Amino acid sequence: TTAAAPASSGGAAAPKSKGIALAPVYMGSESELSLLFPRIGQKRDATTKAKALQELRDYFAKPLEVKKAQVEALAHFLYLYQSKLHYDNTPRVRSASLECCEQAILQVPKAFSTLVSQQPELLGMMLCGRADPASDVCRAAVKVAEALKTIEDSSSLVNQGMWAYVERILAYGKPMNMHQDLFQKKSDGSKLSEKQEEELEERFVR
């Protein structure tokens, strides 16, 4: 399903957030973001991803007068966060992703609220980072929780999202079930390496 493109801002300080949805493909026209997102969503190298996420964080932190471009970027970023970044085994990728979330909340709160209200589990994913074994991730998740307090009536959505996320993870029962569901790897009878099995277990426990 292709997500709807964000509504035009018509030159106002903030765009209407009514028509936005998570976007599997970046729908905007900013050339720097068109180059940045492939480094975040398609590269395996953790250093490349982390640096690109830091650049995106800085982009979200800009106090732009017209927010349309940031909203378009947020719609794609949250899709990547939900499908890939949250589950990354590298702590600096997870922490940089949460830093992007924090800045987006502060700069485009209405758009952020609209998007997570469509997928409340996103909030559960972000806030469960407060229990992440990596201290940088934990600190970044705490800052997201603080930023969320600036959004009116966010507490009920947070509770809903936390339960949705926890229930889904527990329902998997074992690491391989989660791996196959999230990354669409069909069981073909091939044996995973010891390192791959350790990574699956670490991801599931986290």
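Each chain has its residues counted from 1, following the order in which its sequence is written. Predicted model: local features are reported for residues with pLDDT of at least 70 only, side-chain atom pairs are reported and counted for 80 or more only, and whole-chain, interface and lining totals are derived from all residues. Excluding hydrogens and water, the side-chain values take into account all heavy atoms of the structure.

## A closer look at the overall build of the chain
Next, step 1: Secondary structure counts use DSSP, requiring at least four H or I residues in a row for a helix and at least two E residues in a row for a strand, with both numbered from the N terminus. Across its full length, the chain carries 10 helices and zero strands.
Next, step 2: In the chain, the succession of helices and strands from N to C terminus is α-α-α-α-α-α-α-α-α-α.
Next, step 3: Burial statistics for the chain: of 206 residues in total, 45% are counted as buried.
Next, step 4: Surface exposure here means Shrake-Rupley accessible area, sampled with a 1.4 Å probe, where a residue is shielded only by the protein chains that are shown. Summed over its atoms, the accessible surface of the chain is roughly 11100 Å², and 51% of this surface lies on carbon and sulfur atoms. When accessible area is computed with a 1.4 Å probe and restricted to protein chains, residues below 20% of their type maximum are described as buried, those above 50% as exposed, and intermediate ones as partly exposed.

## Focus on the nonpolar core
General note: in soluble globular proteins, nonpolar side chains tend to be found buried as a group.
Next, step 1: Residues belong to a common nonpolar core when they are buried Ala, Val, Leu, Ile, Met, Phe, Trp, Tyr or Cys residues joined through side-chain atoms within 4.5 Å. Among the nonpolar cores identified, the biggest contains 57 residues, and Leu56, Leu74, Phe77, Leu78, Phe112 and Met126 are the most heavily contacted of them.
Next, step 2: For this core, the secondary structure elements donating two or more residues are helix H1 (31–41), helix H2 (46–61), helix H3 (68–83), helix H4 (91–107), helix H5 (109–118), helix H6 (121–127), helix H7 (135–148) and helix H8 (155–172).
Next, step 3: With nine residues, H3 is the largest single contributor of residues to this core.

## Comments concerning the side chain of His76
Next, step 1: Tracing the sequence through the fold places His76 in helix H3.
Next, step 2: In what follows, a contact means two residues having at least one pair of non-hydrogen atoms within 4.5 Å. Excluding anything up to four places from it in sequence, His76 contacts Ala23, Pro24, Val25, Tyr26 and Phe37.

## A look at the state of the cysteines
Next, step 1: Here, two cysteine sulfur atoms that lie within 2.5 Å of each other are counted as a disulfide. Enumeration over the complete set of coordinates arrives at zero disulfides.
Next, step 2: Looking at the unpaired Cys101, the closest cysteine sulfur is the one in Cys100, lying at 6.9 Å.

## A short note on the environment of Asp58
Next, step 1: Here Asp58 is to be found in helix H2.
Next, step 2: Here the alpha-carbon distance between Asp58 and Cys100, two residues 42 residues apart in the chain, equals 8.0 Å.

## Side note on the side chain of His86
Next, step 1: Of note, His86 is situated in the loop between H3 and H4.
Next, step 2: Residue His86 is classed as buried on the basis of its relative accessible area, which comes to 12%.
Next, step 3: One polar contact links His86 to Tyr81, side chain to side chain, over a distance of 3.1 Å.
Next, step 4: Excluding its chain neighbours within four sequence positions, the residues that come into contact with His86 are Tyr81, Arg94, Met125, Tyr165 and Arg206. Two N or O atoms count as a polar contact when they lie within 3.5 Å, although within protein this holds only if one can serve as hydrogen donor and the other as acceptor, and sequence-adjacent residues are included solely when both atoms are side-chain atoms.

## Here we look at the confidence of the model for the chain
Next, step 1: With 78% of its residues at a pLDDT of at least 70, the chain reaches an overall mean of 84.
Next, step 2: Note on residues 1–17: pLDDT is under 50 here. Beyond four places in sequence and across chains, it has 34 contacts. What pLDDT reports is the predictor's confidence in each residue, on a scale of 0 through 100.

## Let's talk about the packing of aromatic side chains
Next, step 1: Note on aromatic pairs: the rings of Phe, Tyr and Trp (six-membered ring only in Trp) are paired at centre separations within 6.5 Å, and the planes decide the class, stacked below 30 degrees, edge-to-face beyond 60, tilted for the rest. Throughout the structure, instances matching the rule amount to four aromatic pairs.
Next, step 2: Note on Tyr26 and Phe37: the rings are 5.3 Å apart at their centroids and 45° apart in plane angle, and the pair reads as tilted. Pair noted here: Tyr26 is in the segment before H1 and Phe37 is in helix H1, with a separation of 11 residues, a long-range link. As far as burial versus exposure is concerned, Tyr26 and Phe37 are alike and both buried.
Next, step 3: With a centroid separation of 6.0 Å and an interplanar angle of 65°, the aromatic rings of Phe60 and Phe77 are classed as edge-to-face. Here Phe60 is found in helix H2, whereas its partner Phe77 is found in helix H3, with 17 residues between them in sequence. Here the two residues Phe60 and Phe77 agree in accessibility, since each one is buried.
Next, step 4: In textbook terms, an aromatic cluster arises when at least three aromatic residues are bridged by ring pairs, as seen for Tyr59, Phe60, Phe77 and Tyr81.

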